[in-house]
Amino acid sequence: MDIGTLYTSTDLIAYAFTFLLAATPWLEIPVVIPAGIAMGLNPSIVSFLAFTGNLAAVFLLVFAHQSLHNFWKKFKTSSDGVENPSTPSGRRKRAFRLWHRYGLPGVAIMGPLVLGTHFAALIALSLGSKKYPVMLWMTFSLLLWTVIIAVVSYYGIENLKWVLV
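Residues numbered from 1 in each chain as written. Predicted model: local features only at pLDDT ≥ 70, side-chain atom pairs only at ≥ 80, totals over all residues. Heavy atoms only, no water.

Engineer: Mind showing me how you'd approach the overall build of the protein chain here?
Structural biologist: Scanning the protein chain from terminus to terminus reveals six helices and zero strands. For the protein chain, the α and β elements follow one another from N to C terminus as α-α-α-α-α-α. Relative to its 165 residues, the protein chain shows a buried fraction of 36%. Considering only intrachain contacts with a sequence separation of at least 6, the fraction spanning at least 24 residues in the protein chain is 70%. If you sum the accessible surface of the protein chain, you get close to 10000 Å²; carbon and sulfur atoms cover 70% of it. (Helix = DSSP H or I, 4+ residues; strand = E, 2+ residues; numbered from the N terminus. Buried < 20%, exposed > 50% of the residue type's maximum accessible area, 1.4 Å probe, protein only. Contact = heavy atoms within 4.5 Å. Areas by Shrake-Rupley, 256 points an atom, 1.4 Å probe, with all protein chains shown as cover.)

Written as structure tokens, this is what we have:
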């Protein structure tokens, strides 16, 4: 696909969806990049849009964390001011184990594949990490996984084309 076909309306819609779906929790770069490449979209553009879409959503969550935390605390507190206890889910328990074993770098790097980038950033912030280190580690992690997933997807799909022909 050349850059000229980027300007067709179908491709513009596909690229816009790439950005939006990458920003959506649980439909992140491990899903969006292979799907976009399999659809025949430009791997570089798909990778860039998936990276920026996911990163924009993570940055939005990082900056909105305090407001979200206050809302959640109010939601979890009963009318008499006592916080309602809840049993942690399996996903939350796994996140805490990762945090205690690997810290912020480990959670950020494993986040896109194990937890999801949005959840990994929120876990890091809720466990006391500062905003800017979380943003730095999440950016590094997303960049690393974007490159790996794009390369593996592109060459994997290219090597499977002989089966379809």
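Engineer: Please clarify how helix α2 (residues 29-38) should be interpreted in this entry.
Structural biologist: Spacing of three or four residues puts side chains on the same side of an α-helix, whose turn is 3.6 residues. All of the buried residues along α2 are Ile29, Val32, Ile33, Gly36 and Ile37. The buried residues of α2 all sit within an arc of 120° when viewed along its axis, so they share a single face. Among the residues trailing α2, Gly40 stands out with phi positive, at a value near 90°. (Arc of directions from axis to C-beta.)

Engineer: Hey, could you run me through a nonpolar patch on the surface in this one?
Structural biologist: On the surface, Ile13, Phe17, Phe19, Leu20, Leu21, Leu27 and Val31 cluster together into a nonpolar patch covering about 600 Å² of accessible area. Of the residues forming the nonpolar patch, the biggest block, five residues, is contributed by helix α1 (residues 9-23). By the secondary structure assignment, Phe19 is in helix α1. (Patch = residues over 30% accessible without salt bridge, like charges linked within 9 Å, V, L, I, M, F, W, Y side chains within 5 Å. Salt bridge = Lys/Arg side-chain N within 4 Å of Asp/Glu carboxyl O.)

Engineer: What's the story with the nonpolar core in this structure? I'm lost.
Structural biologist: The nonpolar side chains of soluble globular proteins are, as a tendency, buried together. Counting residues in hydrophobic clusters, the biggest one holds 18 residues, and the most contacted among them are Tyr15, Ile29, Ile33 and Ala50. Examining the composition of this core, we find that six residues originate from one element, helix α3 (residues 43-76), more than from any other. Excluding residues that lie within four positions of it along the chain, Ile29 makes contacts with Pro34, Ala50, Phe51, Asn54, Leu142, Trp145, Thr146 and Ile149. In this structure, Val58, Val62, Trp99 and Met135 belong to the second largest nonpolar core, which totals 15 residues. (Core = buried A, V, L, I, M, F, W, Y, C linked by side-chain atoms within 4.5 Å.)

Engineer: How do you make sense of helix α5 (residues 117-126) when you look at a structure like this?
Structural biologist: For α5, a buried count of seven out of 10 residues is recorded, marking the element as mostly surrounded by other parts of the structure. Where α5 is concerned, the buried positions are Thr117, His118, Ala120, Ala121, Ile123, Ala124 and Leu125. Note on α5: the residue one or two positions beyond its end, Gly128, has a positive phi of about 105°.

Engineer: Would you take a moment to explain the packing of aromatic side chains for this structure?
Structural biologist: The description of an aromatic ring pair uses the distance of the two centres, along with the angle that the planes make with each other. All told, the structure shown has three aromatic pairs when counted by the stated rule. Look at Trp137 and Phe140: their rings are 6.0 Å apart centre to centre, the planes differ by 85°, and that puts the pair in the edge-to-face class. Placement of the pair is Trp137 and Phe140 together in helix α6 (residues 131-164), with a separation of three residues, close to one helical turn. With centroids separated by 5.1 Å and ring planes inclined at 80°, the aromatic side chains of Tyr154 and Tyr155 adopt a geometry described as edge-to-face. Tyr154 sits in the partly exposed class, given a relative accessible area of 31%. (Phe/Tyr/Trp six-rings, centres within 6.5 Å; stacked < 30°, edge-to-face > 60°.)

Engineer: Please explain the side chain of Glu28 as it appears in this structure.
Structural biologist: The residue Glu28 is located in the loop between α1 and α2 in this model. A polar contact is formed between the side chain of Glu28 and the backbone nitrogen of Thr117, at a distance of 2.8 Å. Aside from chain neighbours lying at most four places away, what touches Glu28 is Leu21, Ala22, Asn54, Pro112, Gly116, Thr117 and His118. (Polar contact = N/O pair within 3.5 Å; in protein donor to acceptor, adjacent residues only side chain to side chain.)

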